[in-house]
Amino acid sequence: MNLRKIECKIKDRLWDFVKNYLYAYRVKDSPLLLNINYDTVIDQKKALVCYIPHFYFQILDLRTIKRTIPLELFKIIKVISEFGYCIDIVSVNDLKSLDIIKTNSYSLIFGFGETFYRMTQLQPSAVSVFYVTENHPEFSYREEKKRLDYFYERHRIKASFERSGRYYKLEHVAVKYDHIIVMGEEEYFLKQYEKPNSIFPTGLLNPGFIVKPKDHNSARKHFLWLGSPSVIHKGLDLLIDTFRYRDDITLHICGLSPKARKLLDILLFQFYCPVRKAWRLQ
């Protein structure tokens with residue numbers, strides 16, 4: 001028995017031992033979903049969608065969905081299915097999945113991220129549709145670097161890039177694809193594409209929301225920052241620097257990751273003054 005077979009047997013034994021302990025994680029988090037809309041047709045066209053597939057492994061309720069991503073994904077898959085494609089979905093940056101799907105022959109490759117970039121390079125004959133949900137990475141890198149430099153100038157804390165390059169890299173946009181769909185500014189793509197396809201960002205509708213009377217005199221002194229882990233990218237540090245000088249207004253902060261909270265705790269600790277209770281972490 002060679003080393004490869006021994007290694008596989010050991011991994012199989014280990015997996016048999018631990019898989020039930022990790023059952024909940026197995027159900028909700030898979031980087032690869034295959035054969036959607038398979039129609040038992042020998043020459044059925046195949047499409048690859050590079051997006052975020054784990055919403056297919058979750059129980060979703062339209063009344064409680066907090067992100068637009070699942071709605072976008074399901075609509076994308078529905079439309080491509082209506083054109084008769086058999087569809088595989090791969091997570092945008094899961095490169096290990098490429099070992100499984102790279103031998104499949106795709107007529108259409110849709111999406112973004114490292115998997116999209118690499119699969120379009122491997123299969124240049126497939127129709128490629130680049131889905132850009134944020135600003136051009138050239139703009140994003142430049143502007144985020146300005147924020148990071150200014151943050152260091154004020155606080156002498158070196159923070160890393162939080163958003164730029166996570167899903168869209170400079171080498172990704174250096175390639176010209178067959179089609180492009182953009183949600184951000186079209187200007188940066190006009191050098192490569194005569195007319196980029198532009199769409200509006202998806203929104204969420206809360207049918208249970210009721211507008212109630214409120215005290216506007218009191219409300220105008222309360223401000224809500226509702227964001228993501230990319231706090232410097234989205235200017236939260238600037239707000240904290242401003243609010244710490246005010247004792248007549250309150251900043252409510254929602255949507256922080258543990259890493260972002262730790263960074264902001266440093267700022268709050270540096271500038272805390274009992275008189276100026278002008279920010280509130282929630």
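Below is a summary of the structure that appears in this document.

Some details on the overall build of the protein chain
Assigned secondary structure in the protein chain consists of 10 helices and 10 strands. Among the 282 residues that make up the protein chain, the fraction classed as buried is 36%. Relative to all contacts within the protein chain whose residues are 6 or more apart in sequence, the contacts with residues 24 or more apart total 64%. Accessible surface, the protein chain as shown: approximately 18,600 Å² in total, 56% of it carbon and sulfur. Counting 44 positive and 32 negative side-chain charges, the protein chain places the centres of these two groups 6 Å from one another.

Details of the layout of surface pockets
Taken as a whole, the largest pocket holds about 1,100 Å³ of empty space. Taken together, the elements giving at least two residues each to the lining of the largest pocket come down to α3 (69-82) and α6 (137-155). No other element matches α6, which puts three residues into the lining of the largest pocket. For the lining of the largest pocket, a count of residues per class yields 11 nonpolar, 11 polar and eight charged. If you go around the second largest pocket, the residues you meet are Leu71, Glu72, Lys75, Ile76, Val79, Ile80, Phe110, Tyr131, Ile181, Met183, Ile199 and Thr202. Examining the composition of the lining of the second largest pocket, we find that six residues originate from one element, α3, more than from any other.

Here's the deal with the sheet that holds strand β1 (residues 32-36)
An order of β1-β3-β2-β4-β5-β6-β7 is seen for the seven strands of this open sheet, with the pairing classed as mixed. Either end of the sheet is taken by a strand with one partner, and the two such strands are β1 and β7 (197-198). Two strands pair when backbone bridges link them, and strand β2 (residues 46-51) and strand β4 (residues 108-111) are joined in this way by four bridges, in the parallel orientation. By the bridge assignment, Ala47 is partnered in β4 with Leu108. With respect to the sheet, α3 is in contact with β1, β2, β3 (86-91), β4 and β5 (127-132), its orientation differing from that of β2 by roughly 170°. Here helix α5 (residues 113-122) sits on the sheet in contact with β2, β3, β4 and β5, set at roughly 160° to β4.

Side note on the environment of Arg166
Within the fold, Arg166 resides in the loop between α6 and α7 (170-174). Separated by 29 residues in the primary sequence, Arg166 and Pro137 place their C-alpha atoms 9.7 Å from one another. Sequence-distant contacts of Arg166, that is, excluding residues within four places in its chain, are made with Asn93 and Ser230.

Re the side chain of Glu114
With respect to the element layout, Glu114 can be found in helix α5. On the accessibility criterion, Glu114 (9% relative accessible area) is buried. Within polar-contact distance, the side chain of Glu114 engages the side chain of Arg118 at 2.9 Å. With near-sequence residues (within four places) excluded, Glu114 lies in contact with Val92, Asn93, Leu95, Lys169 and His172.

What to know about the pattern of salt bridges
One pass over the full model with this rule turns up 12 salt bridges. The partner of Asp99 in a salt bridge is Lys102, with the nearest N and O atoms 3.7 Å apart. Taking relative accessible area as the criterion, Asp99 reaches 56% and is therefore assigned exposed. With relative accessibility at 42%, the residue Lys102 sits in the partly exposed group. Residues Glu114 and Arg118 are paired through a salt bridge, measuring 2.9 Å at the closest nitrogen-oxygen approach. Of this pair, Glu114 and Arg118 both sit in helix α5, four residues apart, which is roughly one turn of that helix. When salt bridges with common partners are traced through the structure, they connect Arg154, Asp237, Asp241 and Arg244 into a single cluster.

Focus: a nonpolar patch on the surface
Among the surface-exposed residues, Trp15, Phe17, Tyr21, Leu22 and Tyr25 lie close enough to one another that they form a single nonpolar patch of about 640 Å² accessible area. Within the fold, Trp15 resides in helix α1 (residues 3-18).

Definitions and limits used
Residues numbered from 1 in each chain as written. Predicted model: local features only at pLDDT ≥ 70, side-chain atom pairs only at ≥ 80, totals over all residues. Heavy atoms only, no water. Helix = DSSP H or I, 4+ residues; strand = E, 2+ residues; numbered from the N terminus. Buried < 20%, exposed > 50% of the residue type's maximum accessible area, 1.4 Å probe, protein only. Contact = heavy atoms within 4.5 Å. Areas by Shrake-Rupley, 256 points an atom, 1.4 Å probe, with all protein chains shown as cover. Lys, Arg positive; Asp, Glu negative; His and termini not counted. Charge placed at Lys NZ, Arg CZ, Asp CG, Glu CD. 1 Å grid on protein atoms, 1.4 Å probe; cavity = no way out; pocket = protein on both sides within 12 Å on 5 of 7 lines; lining within 4 Å. Points joined across faces, edges and corners; volume = space filled by probe spheres on them. Nonpolar A, V, L, I, M, F, W, Y, C, P; charged D, E, K, R; others polar. Pairing = 2+ DSSP bridges. Axes fitted to C-alpha atoms, helices over the stretch in contact; angles between N-to-C directions. Polar contact = N/O pair within 3.5 Å; in protein donor to acceptor, adjacent residues only side chain to side chain. Salt bridge = Lys/Arg side-chain N within 4 Å of Asp/Glu carboxyl O. Patch = residues over 30% accessible without salt bridge, like charges linked within 9 Å, V, L, I, M, F, W, Y side chains within 5 Å.

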